[in-house]
Amino acid sequence: RNEGYKNPNQKDFIVIGHRGASGYSPEHTIKSYELVNEQGADYIEIDLQMTKDRVLVAMHDRNVDRTTNGSGPVRSYSLNQLKDLDAGSWFNIYSPLYADRSFNGLEVPTLEEILAYFGTNVNYYIEIKNPDINPGMASMLLQLLEEHGLLQSDNQKSGKVIIQSFSEKALRQVHELNKEIPLIQLIQYEKASEITSLRLRGWRDYAIGVGVNYKIVNEKVVKKTHNANLLVHVYTVNDIVHMKGLVDLGVDGAFTNFSDLLKDVVENE
Ligand code: G3P
Ligand code: CA
C-alpha cells in the first residue's frame, strides 16, 4: 500500500496528458503521445479498447466513428482491419486551428506498440474501459506491462504505471493480481455529497485515489478525500482559470488536453 496521499511519482501535483496532447493533435496516436511528452506531462493517459481478435488498442470510444474514417464498434474490427483506418484526418476538420498534414493517415496504436515505443522513458496512466464487454482486459494489460519491464519493483516504486477505471470490479481484479500497482477509482457522481466517508473507506481497500469530475470538487471534497488517505485527481480541465483554482484547492493532479498550459500554471503557482 502507498503511504499517505503522495502521488506515485512523489510529485505534489501531476499533469496527466489526457488522450495524449489531444487539444493539439489527434488523440490516442503515437504522435499525440510524443507531443504531450515533449510538453512535459508527467503521465500519458491511455484509454483501452479491444479488437475482435482480442488485441488491446488505444481508443476512447467504443465505436471508431468519431476518431477514424470507419464506422461501428471497435470490437467488430480485427487488428488488421483497424490498422487500415485513418485515425488522424478527422482532427484536421475538427480543429482547423491545429490542423497539420502530417496527421493524415495516422494509425490506431496497439498498447504493445506504445509500450515498445516509449518503454520506461515515460509514465503511463492507463484506463480499463468497458471491462464487462471485454472480459480479460485486466490480465492482458498486466501481462503486457510485465513483458515490457514496467512491473519490476523499481519501476513500480517510481510510479511508472497507474491504472484507472470506472469499474470497481476491474480494479479489484488488478489488485488481486498485483497489490503494488497504484489504482485510481474513477467516479461519475454529479454531486459532492455523493462522495461519502463510507464510499471513501471502501475505495481505500484497493485504490490510492479517486478520479473525479473537477466540476464537483471543492475544499470539502479535497479535505475529506485526503483525510481518507486518498489522492484527488480531476478530469478534464482545459482552461487556465479552473487549472489555477484546482491547484489552489490542493488537488493532486489533473487530466488535461492542454498539458503545456497546466504545466505553466503548476510551475508558476
Ligand atoms: O479517465 C479519466 C478521464 O479520462 C475522463 O474520462 O471519458 O475522458 O475517459 P474519459
Ligand atoms: Ca480516460
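For the structure itself, look to the data block above.
All of these numbers come straight from a predicted model, not from anything done at the bench. (Residues numbered from 1 in each chain as written. Chains lettered and ligands numbered in written order. Predicted model: local features only at pLDDT ≥ 70, side-chain atom pairs only at ≥ 80, totals over all residues. Heavy atoms only, no water.)

Draft legend 1. Structural detail: the overall build of the protein chain. When helices and strands are counted, the protein chain shows eleven helices and nine strands. Based on the C-alpha atoms only, the size of the protein chain along its principal axes is roughly 50 × 40 × 35 Å. By the burial criterion, 56% of the 269 residues in the protein chain qualify as buried. For the protein chain, the share of sequence-separated contacts (at least 6 apart) that also reach a separation of at least 24 residues comes to 60%. Here the protein chain has roughly 12,100 Å² of accessible surface; of this, 48% comes from carbon and sulfur atoms. One finds the centroid of the 28 positive side-chain charges in the protein chain at a distance of 6 Å from the centroid of its 36 negative side-chain charges. (Helix = DSSP H or I, 4+ residues; strand = E, 2+ residues; numbered from the N terminus. Buried < 20%, exposed > 50% of the residue type's maximum accessible area, 1.4 Å probe, protein only. Contact = heavy atoms within 4.5 Å. Areas by Shrake-Rupley, 256 points an atom, 1.4 Å probe, with all protein chains shown as cover. Lys, Arg positive; Asp, Glu negative; His and termini not counted. Charge placed at Lys NZ, Arg CZ, Asp CG, Glu CD.)

Draft legend 2. Looking closely at helix α5 (residues 137-147). Turning to α5, its buried residues are M137, A138, L141, L142, L144 and L145. End-on, the buried residues of α5 take up no more than an arc of 160°, which puts them together on one face. Turning to α5, the residues buried within the fold contact β2 (43-50), β3 (56-58), α4 (111-118), β4 (124-128), β5 (161-165) and α7 (168-177). (Arc of directions from axis to C-beta.)

Draft legend 3. Here's a closer look at the site of ligand 1. What surrounds ligand 1 is the set H18, R19, E45, D47, H60, E127, K129, Q164, L186, Y235 and F255. D47 is positioned with one of its side-chain polar atoms (N or O) 3.5 Å from an oxygen atom of ligand 1. Within the side chain of K129, a nitrogen or oxygen atom sits 2.7 Å from an oxygen atom of ligand 1. Across the shell around ligand 1, the residue classes tally to three nonpolar, three polar and five charged. (Near = heavy atom within 4 Å. Polar contact = N/O pair within 3.5 Å; in protein donor to acceptor, adjacent residues only side chain to side chain. Nonpolar A, V, L, I, M, F, W, Y, C, P; charged D, E, K, R; others polar.)

Draft legend 4. Spotlight on the coordination of the calcium ion (ligand 2). Around the calcium ion (ligand 2), the protein contributes the donor atoms E45 (OE), D47 (OD) and E127 (OE), at 2.2 to 2.3 Å from the metal centre. Coordination geometry of the calcium ion (ligand 2): the six donor atoms subtend angles of 56 to 160° at the metal centre, consistent with an arrangement described as irregular. Read in sequence order, the donor residues coordinating the calcium ion (ligand 2) give the pattern E-x1-D-x79-E. A relative accessible area of 1% means that D47 is categorised as buried. (Donors = N, O, S within 2.8 Å, 3.2 Å for Na, K, Ca; no water. Tetrahedral: all angles 85-135°; square planar, octahedral: opposite > 155°, others 65-115°.)

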